[in-house]
Amino acid sequence: MKIRDELNRELDFSCDELIEMLREIKGLKEQEVDVLKQKIKGYEDKRRAEEAFYQSLSPVRKFFAGRAPSHHQAVEYMVHVKERLKQIDGIKQRIVQIDRVLSICGGDASEETVEVASGITDDIIQYRKGQGE
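In this report, the structure presented in the accompanying data block is examined. Just so it is clear, the model here is predicted, and its values are computed rather than measured. (Residues numbered from 1 in each chain as written. Predicted model: local features only at pLDDT ≥ 70, side-chain atom pairs only at ≥ 80, totals over all residues. Heavy atoms only, no water.)

**With respect to helix 3 (residues 70-106)**
With 37 residues, helix 3 should reach 54 Å at 1.5 Å per residue; the first-to-last C-alpha distance of 52 Å fits that figure. At Met78, helix 3 is deflected by roughly 35°, the largest bend along its length. For helix 3, the secondary structure elements touched by its buried residues are helix 1 (15-56), strand 3 (113-115) and helix 4 (118-130). (Helix = DSSP H or I, 4+ residues; strand = E, 2+ residues; numbered from the N terminus. Expected span 1.5 Å × (residues − 1). Bend = angle between axes of the 7 residues up to and from the residue. Contact = heavy atoms within 4.5 Å.)

**Here we look at the environment of Asp5**
Of note, Asp5 is situated in the loop between strand 1 (2-4) and strand 2 (10-12). Considered as a pair, Asp5 and Lys86 are 81 residues apart in the sequence and their alpha carbons are 24 Å apart. Apart from residues no more than four positions distant in its own chain, Asp5 is found in contact with Glu115, Val116, Ala117, Ser118 and Thr121. A polar contact is formed between the side chain of Asp5 and the backbone nitrogen of Leu7, at a distance of 3.1 Å. In this structure the side chain of Asp5 is engaged in a polar contact, spanning 2.9 Å, whose partner is the backbone nitrogen of Arg9. (Polar contact = N/O pair within 3.5 Å; in protein donor to acceptor, adjacent residues only side chain to side chain.)

**Side note on the packing of aromatic side chains**
The full count for this structure, using the stated rule, is one aromatic pair. With centroids separated by 5.0 Å and ring planes inclined at 85°, the aromatic side chains of Phe63 and Phe64 adopt a geometry described as edge-to-face. (Phe/Tyr/Trp six-rings, centres within 6.5 Å; stacked < 30°, edge-to-face > 60°.)

What follows is the structure, encoded as structure tokens:
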């Protein structure tokens, strides 16, 4: 089975080899999503703990305690949460594309060439480099 992307790169694999590679790539992508979710959770827990500590201070100590301005907190939120959520959405879209290719290859393998996004081709190439091929 041949895989072709938008950049007209072609890769040739047997269906079984392609299915195995794509399943492993999908597993790696799911692990990446889990890591990003853990980072978001860690940031939110840290922020909640800092807020609880600040609220527990006496009014005099609150006056002298250094607290980041609200626009700094907003930027931190964008960096630590929003950007990671965008990355998660992109990874999930890639997983959906991988599932589509898996269904094509796992089902009736009458198609000789499959059109895929260039990101999947990049993932396959990186996976093969990681395997030492």
